[in-house]
Amino acid sequence: MIDFRSDTVTRPTQAMREAMANAPVGDDVYGDDPTINELETWAAERHGFEAALFTSSGTQANLLGLMAHCERGDEYLCGQQAHNYKYEAGGAAVLGSIQPQPIENNPDGSLCFQKLEAAIKPDDFHFARTKLLSLENTINGKILPLSYLAQAREFVNKHNLQLHLDGARVYNAAVALDVDIKEIAQHFDSMTICLSKGLAAPVGSLLLGPKEYIQKARRIRKMLGGGMRQAGILGAAAKLALTEQVPQLAIDHSNAKYLAEQLNTVTGFSVNIEHIQTNIVFARLDSQIDIHDIVQKANQQDILLSAGNPIRFVTHKDVSKEDIDTFIAFLKNEV
Ligand SMILES: *Cc1c(COP(=O)(O)O)cnc(C)c1O
């Protein structure tokens, strides 16, 4: 199977399976799971935060993150393309009674500070209370520059807001920029990391932040049914995601560039190579390409694609350079 649909499809490594089988465990709702306790302590220190919380998914980490910053009737600023606005079933509004205030993303994924400033509500009982700015890095595979993150910190300080990072793929940004993860994390009050995308853990994300904030998030996690018992089985793989799998991301990035170059040799497919910063490739299709037909034929060859124009490809540890060659040969045969 060659699966380009997402980096969520990565399967756990052999080392993860062994660590999971051998993990010391306890009841994490009682705070008794040594593997989770070690993971949370280690992850907080590693990323420069006071505390960390292991969650069942990135969606849950974002929801807890937003709900721990905001009360009912508060508001968070975010991008129109933000995962925690567009792709999480409206959870912050539905379950947190938090009003999202989306702003159009710039083509590079950033948000314009003038537009953000204009969206902040005055202190007046007609309005929701603007509490938080939520950014995403990487966003659609694009990296927010470190200088932009520093400006965002200045912006929130000036306006007395909190700053959250949806860092589902923040390690892709750190690896591509060749900086320590703390260079990115330092600007934020809270941050999430998804361990079950390119980093290959089977399940789980982290929420990082100040001690009291994480205590609040832990209570909300319980409320949402996210308190887990012998969670160390998952925590053991989660730790390896962050200690052993990070270098794989550099390979994923170089494979994404290679895929982009190869797609440009296929009639009807075009990729702007300069836009490929991490592991996500968008290709534009000429009108003669019947993508649904191609997706169906690819499936018969055990190649999985998501249909769309632009069509999105994601590289990850379970797609090799040879797999890319196999796919390109298939495409050239079809178009
Ligand atoms: C995948 C993703 C999430 C959600 O993670 P799940 O584990 O799938 O719930 C959140 N934010 C971003 C930017 C993502 O790409």
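Residues numbered from 1 in each chain as written. Predicted model: local features only at pLDDT ≥ 70, side-chain atom pairs only at ≥ 80, totals over all residues. Heavy atoms only, no water.

1. Some thoughts on helix α8 (residues 170–177)
No. 1: Those residues of α8 that fall on the buried side of the exposure criterion are V170, Y171, N172, A173 and A174.
No. 2: Contact partners of the buried residues in α8: α2 (34–47), β6 (162–167), α9 (181–185), β7 (190–194), α11 (232–243) and α12 (248–263).
No. 3: In the stretch just after α8, D178 is the one whose phi turns positive, near 55 degrees. (Buried < 20%, exposed > 50% of the residue type's maximum accessible area, 1.4 Å probe, protein only. Helix = DSSP H or I, 4+ residues; strand = E, 2+ residues; numbered from the N terminus. Contact = heavy atoms within 4.5 Å.)

2. Thoughts on the site of the ligand
No. 1: Neighbouring the ligand are the residues S57, G58, T59, N62, H83, E88, E136, D166, A168, R169, C194 and K197.
No. 2: Here an oxygen atom of the ligand sits 2.6 Å away from a polar atom, N or O, in the side chain of T59.
No. 3: The dominant element in the shell around the ligand, judged by the number of residues it contributes, is helix α3 (residues 58–69), at three residues.
No. 4: For the shell around the ligand, the class distribution of residues is two nonpolar, five polar and five charged. (Near = heavy atom within 4 Å. Polar contact = N/O pair within 3.5 Å; in protein donor to acceptor, adjacent residues only side chain to side chain. Nonpolar A, V, L, I, M, F, W, Y, C, P; charged D, E, K, R; others polar.)

3. Side note on the UniProt feature "modified residue: N6-(pyridoxal phosphate)lysine" (unreviewed entry) in the protein chain
No. 1: Per the UniProt entry, the sites bearing "modified residue: N6-(pyridoxal phosphate)lysine" (unreviewed entry) are K197 in this numbering.
No. 2: Structurally, K197 is set in the loop between β7 and β8 (205–209).
No. 3: Leave out the neighbours within four places in its chain, and K197 touches D7, T8, T10, A168 and R169. (UniProt positions renumbered as here; feature names shortened; annotations may be inferred.)

4. Quick look at the packing of α12 against helix α14 (residues 321–334)
Helix packing geometry: the angle between the two helix axes and the distance between the axes.
No. 1: At a minimum axis distance of 10 Å, the contact between α12 and α14 shows a crossing angle of 15 degrees. On the basis of their axis angle, the class for α12 and α14 is roughly parallel. When you trace α12 past α14, the crossing you get is right-handed. Touching N255, Y258, L259, Q262 and L263 of α12 are K321, I324, D325, F327, I328 and L331, all from α14.
No. 2: Class assignment for the residues of the contact of α12 with α14 results in seven nonpolar, two polar and two charged. (Axes fitted to C-alpha atoms, helices over the stretch in contact; angles between N-to-C directions. Parallel < 35°, antiparallel > 145°, perpendicular 65-115°, else oblique. Left-handed = near helix turned anticlockwise from the far one by under 90°.)

5. Quick notes on the environment of L135
No. 1: Among the secondary structure elements, L135 is positioned in strand β5 (residues 129–136).
No. 2: In this structure, the C-alpha to C-alpha distance between L135 and G109, residues 26 residues apart in sequence, is 9.1 Å.

6. Here's the deal with the packing of helix α13 (residues 291–300) against α14
No. 1: Between α13 and α14, whose axes approach to 11 Å, the crossing angle comes to 130 degrees. Of the possible angle classes, the one that applies to α13 and α14 is oblique. When you trace α13 past α14, the crossing you get is right-handed. Residues I294, K297 and A298 of α13 form the contact with α14, whose participating residues are F330, L331 and E334.

7. Things to note about the packing of aromatic side chains
No. 1: Under the counting rule described, the total for this entry stands at six aromatic pairs.
No. 2: Note on F4 and F313: the rings are 5.8 Å apart at their centroids and 85 degrees apart in plane angle, and the pair reads as edge-to-face. Pair noted here: F4 is in the loop between β1 (2–3) and α1 (14–22) and F313 is in strand β12 (residues 311–314), with a separation of 309 residues, a long-range link. The pair formed by F4 and F313 is uniform in burial state, with each residue classed as buried.
No. 3: Ring geometry for F113 against Y148: centres 5.0 Å apart, planes inclined by 20 degrees, an arrangement best described as stacked. (Phe/Tyr/Trp six-rings, centres within 6.5 Å; stacked < 30°, edge-to-face > 60°.)

8. A look at the pairing of strand β10 (residues 280–285)
No. 1: Examined bridge by bridge, strand β9 (residues 269–270) and β10 share two bridges and lie antiparallel to one another. Bridge pairing in β10 places S270 opposite R284.
No. 2: Here β10 runs beside β12; their pairing, made up of four bridges, is antiparallel. In the sheet register, A283 faces β12, and the bridge partner there is I311. (Pairing = 2+ DSSP bridges.)

9. Examining the domain arrangement of the protein chain
A common measure of how large an interface is: the accessible area buried when the components associate.
No. 1: Domain assignment breaks the protein chain into domain 1 (9–243) and domain 2 (247–334).
No. 2: Relative to domain 2, the C-alpha centre of domain 1 lies at a distance of 29 Å.
No. 3: Residue-level contacts link 17 residues of domain 1 with 12 residues of domain 2.
No. 4: The contact between domain 1 and domain 2 buries some 1400 Å² in all, and 61% of this surface belongs to carbon and sulfur atoms.
No. 5: At the junction of domain 1 with domain 2, the criterion picks out zero salt bridges.
No. 6: Across the domain 1-domain 2 interface, the total number found is five residue pairs in polar contact (both at pLDDT 80 or more).
No. 7: For the side of domain 1 that touches domain 2, a count of residues per class yields seven nonpolar, seven polar and three charged. (Domains from an automatic or database assignment. Buried area = accessible area lost by both parts, 1.4 Å probe. Salt bridge = Lys/Arg side-chain N within 4 Å of Asp/Glu carboxyl O.)

10. Brief notes about the environment of F282
No. 1: Considering the arrangement of structural elements, one finds F282 in strand β10.
No. 2: On the basis of relative accessibility, which here comes to 31%, the residue F282 falls in the partly exposed class.
No. 3: Taking C-alpha positions, F282 is 27 Å from A185, a pair spaced 97 residues apart along the chain.
No. 4: Here F282 is in contact with N140, S270, V271, P310, I311 and R312, once residues within four sequence places are set aside.

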